[in-house]
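A look at the structure
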Amino acid sequence: AQTVTQSQPEMSVQEAETVTLSCTYDTSENNYYLFWYKQPPSRQMILVIRQEAYKQQNATENRFSVNFQKAAKSFSLKISDSQLGDTAMYFCALKYQGGSEKLVFGKGTKLTVNP
Amino acid sequence: DGGITQSPKYLFRKEGQNVTLSCEQNLNHDAMYWYRQDPGQGLRLIYYSQIVNDFQKGDIAEGYSVSREKKESFPLTVTSAQKNPTAFYLCASSGQFRLDTQYFGPGTRLTVL
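These notes cover the structure that comes with them.

1. A closer look at the overall build of chain B
Across its full length, chain B holds 0 helices and 11 strands. Each helix and strand of chain B, placed in order from N terminus to C terminus, yields the pattern β-β-β-β-β-β-β-β-β-β-β. Compactness check: chain B gives a C-alpha radius of gyration of 13 Å against a globular reference of 13 Å for 113 residues, within 12% of the reference. Taking all 113 residues of chain B together, the buried fraction comes to 49%. Measuring between centres, the 12 positive side-chain charges of chain B sit 7 Å from its 11 negative side-chain charges.

Set out below in structure tokens:
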């Protein structure tokens, strides 16, 4: 079975500072993708960043970057220069080839950016 | 604009009634999905469809039904057999390749009165 674990239910950070959200996963598959989604108070799920497991280079999207440690099955999200608009639930998710088409989600981390 | 629309945004249902949630996409995506979100939990897959006229059960399909008569549309019916239907429902779609990114609609909040 594939599982995704987010061990930090809530986090907070001051505006303009950097914060890292943790995610670990378990899968026996070799070909999979990892995703971070953001869910603001509007509840729309928004893709933040994705990482292909076969790529060693960590993905980066503007202020968002990941630290992908394949052997440790770890996939953390770093948010630099935090902004008030980053306040949201953040979900880590796994999608693998060969099974059903679903995304396997963690339970989420509630991030609050304080002014 | 390309995207996924869901309607209605809020839906109230009396016990014993069936209700249908709408999901439409104009992204030309082959695959579509329905997820349920409960407080303090991640999303759980209800049903998915990879092609028109075909769909598969997800992890929590009991009490739900779907159809896929058109590529653009994937409505979800919450039947009276669903014991605890109050939740937030999210529709998603993705391209033809299995590992394509899923994009989500804005969701429907269903409340049973």
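Next comes the rest of the account.
2. Regarding the interface of chain A and chain B
Listed as interface residues are 24 residues of chain A and, on the opposing side, 24 residues of chain B. Around 2000 Å² of area is buried between chain A and chain B when both sides are counted, 54% of it from carbon and sulfur atoms. Taken together, chain A and chain B are joined by 7 residue pairs in polar contact (both at pLDDT 80 or more). Mapped by element, the contributors of at least two residues to the side of chain A that touches chain B are strand 5 (32–39), strand 6 (46–52) and strand 10 (88–96) of chain A.

3. Section: the nonpolar core
Residues and elements named next belong to chain A. Tyr32, Trp36, Phe75, Leu77 and Tyr90 are the most contacted members of the largest nonpolar core, which totals 27 residues. With 5 residues, strand 10 is the single largest residue contributor to this core. Contacts of tyrosine 90, omitting those with residues within four sequence positions, involve Gln6, Leu21, Trp36, Tyr37, Lys38, Val48, Phe64, Leu77, Ile79, Gly108, Thr109 and Leu111.

4. Re the side chain of Gln8(A)
Residues and elements named next belong to chain A. Structurally, glutamine 8 can be placed in the loop between strand 1 (3–5) and strand 2 (10–14). Residue glutamine 8 is classed as buried on the basis of its relative accessible area of 18%. Aside from chain neighbours lying at most four places away, what touches glutamine 8 is Thr20, Leu21, Ser22, Gly108 and Thr109.

5. Details of the layout of surface pockets
Considering only enclosed or pocket space, the largest pocket measures out at about 370 Å³ in volume. Lining the largest pocket are 21 residues, and of these Gln39(A), Arg43(A), Met89(A), Phe91(A) and Gln37(B) sit closest to its centre. Elements that contribute at least two residues to the lining of the largest pocket include exactly strand 10 and strand 12 (109–114) of chain A. Per-element tally for the lining of the largest pocket: the top contributor is strand 10 of chain A, with 3 residues.

6. Quick notes on the pattern of salt bridges
Residue and element names in this part refer to chain A. Throughout the structure, instances matching the rule amount to 7 salt bridges over all chains. Ionic pairing is found between arginine 50 and glutamate 52, a salt bridge with its closest N-O pair at 3.6 Å. Overall, glutamate 52 belongs to the buried group, its relative accessible area being 11%.

7. Let's talk about the sheet that holds strand 8 (residues 76–78) of chain B
Residues and elements named next belong to chain B. Sheet architecture is open: 4 strands sit in the order 1-3-8-7, paired in antiparallel fashion. Lying at the two open borders of the sheet, with one neighbouring strand each, are strand 1 (4–7) and strand 7 (64–66). Sheet twist, expressed as the average angle between the axes of neighbouring strands with direction ignored, equals 20 degrees. Here 3 bridges tie strand 7 to strand 8, and the two strands are oriented antiparallel to one another.

8. So, the pairing of strand 10 of chain A
Residue and element names in this part refer to chain A. The buried count for strand 10 comes to 8 of 9 residues, which makes it a mostly enclosed element. The pairing of strand 10 with strand 12 spans 3 bridges and is antiparallel. Bridged to alanine 88 within strand 12 is leucine 111. In this sheet, strand 11 (residues 104–105) lies alongside strand 10 in antiparallel orientation, the contact comprising 2 bridges. Counted as the bridge partner of alanine 93 is phenylalanine 105 from strand 11.

Each value, and the rule that gives it
- Residues numbered from 1 in each chain as written.
- Chains lettered and ligands numbered in written order.
- Predicted model: local features only at pLDDT ≥ 70, side-chain atom pairs only at ≥ 80, totals over all residues.
- Heavy atoms only, no water.
- Helix = DSSP H or I, 4+ residues; strand = E, 2+ residues; numbered from the N terminus.
- Rg over C-alpha atoms; globule rule 2.2 N^0.38 Å.
- Buried < 20%, exposed > 50% of the residue type's maximum accessible area, 1.4 Å probe, protein only.
- Lys, Arg positive; Asp, Glu negative; His and termini not counted.
- Charge placed at Lys NZ, Arg CZ, Asp CG, Glu CD.
- Contact = heavy atoms within 4.5 Å.
- Buried area = accessible area lost by both parts, 1.4 Å probe.
- Polar contact = N/O pair within 3.5 Å; in protein donor to acceptor, adjacent residues only side chain to side chain.
- Core = buried A, V, L, I, M, F, W, Y, C linked by side-chain atoms within 4.5 Å.
- 1 Å grid on protein atoms, 1.4 Å probe; cavity = no way out; pocket = protein on both sides within 12 Å on 5 of 7 lines; lining within 4 Å.
- Points joined across faces, edges and corners; volume = space filled by probe spheres on them.
- Salt bridge = Lys/Arg side-chain N within 4 Å of Asp/Glu carboxyl O.
- Pairing = 2+ DSSP bridges.
- Axes fitted to C-alpha atoms, helices over the stretch in contact; angles between N-to-C directions.

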